[in-house]
Amino acid sequence: ILPTGKPKPLNNPFDSGSGYGAWGTGLEFYHEYFPARFLSFGGAAIGRYYFPDRRDRAVPLDADDTLPSLRIEDGQVEAVRRKSGQELRTEASATVHIPGDLFKVWGAYQYWVKGSDRFSGNRSLFYQGLSKDTGWNVSMWEAGVRFSTIPLYRRGQFRAPMELDASYNSSFSGRNIREASYARLDLKLYF
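Criteria and cut-off values
Position numbers for residues count from 1 along each chain, tracking the sequence in the order it is written. Reporting in this predicted model follows two pLDDT cut-offs: at least 70 for local features of residues, and 80 or more for side-chain atom pairs to be given and counted; totals over whole chains, interfaces and linings ignore these cut-offs and use all residues. Computation of side-chain values covers all heavy atoms of the structure but excludes hydrogens and water. A helix here means a DSSP run of H or I that spans at least four residues, while a strand means a run of E at least two residues long, and both kinds are numbered starting from the N terminus. C-alpha atoms define the radius of gyration, and 2.2 Å times the number of residues to the power 0.38 defines the globule rule. Each residue is assigned to one of three classes by its accessible area relative to the maximum for its type, calculated with a 1.4 Å probe on protein chains only: buried under 20%, partly exposed between the two thresholds, exposed over 50%. Only heavy atoms matter for contacts: two residues are in contact if any of them lie within 4.5 Å across the pair. A residue counts toward a patch only above 30% relative accessible area and without a salt bridge, and it is joined to like-charged neighbours within 9 Å or, for Val, Leu, Ile, Met, Phe, Trp and Tyr, to nonpolar neighbours within 5 Å. Throughout, the Shrake-Rupley method with a 1.4 Å probe supplies accessible areas, and for residues the shown protein chains are the sole cover considered. What makes a salt bridge here is a side-chain nitrogen of Lys or Arg within 4 Å of a carboxyl oxygen of Asp or Glu, nothing more. Two strands qualify as a pair provided that DSSP identifies no fewer than 2 bridges between them. Note on geometry: axes are lines fitted to C-alpha atoms, helical ones only across the stretch in contact, with angles between N-to-C directions running from 0 to 180 degrees. The pocket and cavity definitions rest on a 1 Å grid over protein atoms only: a 1.4 Å probe that fits but cannot leave marks a cavity, an open set with protein on both sides within 12 Å along at least five of seven lines marks a pocket, and residues lining either have an atom within 4 Å of a point. Grid points are joined across faces, edges and corners, and a volume is the space filled by probe spheres set on the points. Residue polarity is assigned by list, with Asp, Glu, Lys and Arg as charged and Ala, Val, Leu, Ile, Met, Phe, Trp, Tyr, Cys and Pro as nonpolar; anything else, Gly included, falls into the polar class.

Peer 1: I'd like to hear about the overall build of the chain, residue by residue, with values.
Peer 2: When its secondary structure is counted, the chain shows one helix and ten strands. Along the chain, from the amino end to the carboxyl end, the secondary structure elements read β-β-β-β-β-β-β-β-α-β-β. For 191 residues, the compact-globule formula gives about 16 Å, and the C-alpha radius of gyration of the chain, at 22 Å, lies well above that figure. Expressed along its principal axes, the backbone C-alpha trace of the chain runs to roughly 70 × 30 × 25 Å. Buried positions account for 31% of the 191 residues belonging to the chain. The long-range share in the chain, meaning contacts at least 24 apart out of those at least 6 apart in sequence, stands at 57%.

Peer 1: Give a description of a nonpolar patch on the surface that names residues and reports values.
Peer 2: Taken together, the side chains of Phe38, Val96, Ile98, Phe103, Val105 and Val145 define a hydrophobic patch exposed on the protein surface, amounting to about 460 Å² of accessible area. Relative to the helices and strands, Phe38 resides in the loop between β1 (24-36) and β2 (39-50). For Phe38, a relative accessible area of 46% gives the class partly exposed.

Peer 1: Describe unusual backbone geometry, with residues and values.
Peer 2: A positive phi angle, close to 60°, is found at Asp101, a residue other than glycine. In this structure, Asp101 sits in the loop between β5 (87-97) and β6 (103-114). Despite not being glycine, Asn176 shows a phi value in the positive range, around 60°. The residue Asn176 is located in the loop between β9 (162-175) and β10 (182-189) in this model. Asn176 gets classed as partly exposed once you look at its relative accessible area, which sits at 37%.

Peer 1: Which residues make up the pattern of salt bridges, and what values go with them?
Peer 2: Scanning the entire structure with this criterion turns up 13 salt bridges. Between Asp53 and Arg55 there is a salt bridge whose closest N-O contact spans 3.8 Å. You can call Arg55 partly exposed: its relative accessible area is 25%. Between Asp165 and Arg146 there is a salt bridge, and its shortest N-O distance comes to 2.7 Å. In this pair, Asp165 sits in strand β9 while Arg146 sits in strand β8 (residues 136-148), placing the two residues 19 residues apart along the sequence. An identical accessibility class is assigned to Asp165 and Arg146; each is buried. Within the structure, one salt-bridge network assembled from shared partners comprises Arg146, Glu163, Asp165 and Lys188.

Peer 1: Kindly report on the sheet that holds β8, identifying the contributing residues and their values.
Peer 2: The sheet built from seven strands is open, its strands ordered β1-β2-β5-β6-β8-β9-β10 with antiparallel pairing. At either end of the open sheet lies a strand with only one pairing partner, and these are β1 and β10. Put simply, the sheet's adjacent strands are angled 20° from each other on average, direction ignored. As defined by bridge partners, β5 adjoins β6 across eleven bridges and the pair is classed as antiparallel. Of the residues in β6, the one forming a bridge with Ala94 is Gly107.

Peer 1: Could you give an account of the layout of surface pockets, naming the residues involved and the relevant values?
Peer 2: Estimated volume of the second largest pocket: approximately 890 Å³. Taken together, 32 residues line the second largest pocket, and the ones lying closest to its centre are Tyr30, Glu91, Trp106, Glu142 and Arg146. Of all elements in the fold, only β1, β2, β5, β6, β8, α1 (150-154), β9 and β10 reach the threshold of two or more residues within the lining of the second largest pocket. Of the residues belonging to the lining of the second largest pocket, the class tally is ten nonpolar, eight polar and 14 charged.

Shown next, in the form of structure tokens:
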């Protein structure tokens, strides 16, 4: 996992950033079982480990300091070491394969969880205060449909092998995470 995007800057409360800002690695497992030609059940798990990183953060003075100062002269901005919590994403799904494999319809349950981050530094500041609300979990459901020209391409009846996916994803419970339902349309062209 590469540190893509831009981490949240210290001096702009309106910019939530677009990246995590740390290097990481992960392991993914996926298995699909076909009890019948037209039906499959899938299971997936993705584990992520982020390597410790260091960057400037505004550190609270104590447990009562809810808004640390960003002024250099106040001494609360420091290059702080972060050890990220582990992350696990799981999914269980069922897919109906319409005969001929031109269409697929699926439903899935997803559970994602991340442990709290730990922070440390070299001074007598309240580094534990930075850990608040950094752990999260969310339960979601997803439904979708896929149209594929791959069977037609193999028979010489279509010029390009491609897939078109339409899906909808929504959360129904969680902690420390935004509720963000979304619809998605993916076009995959193979060459």
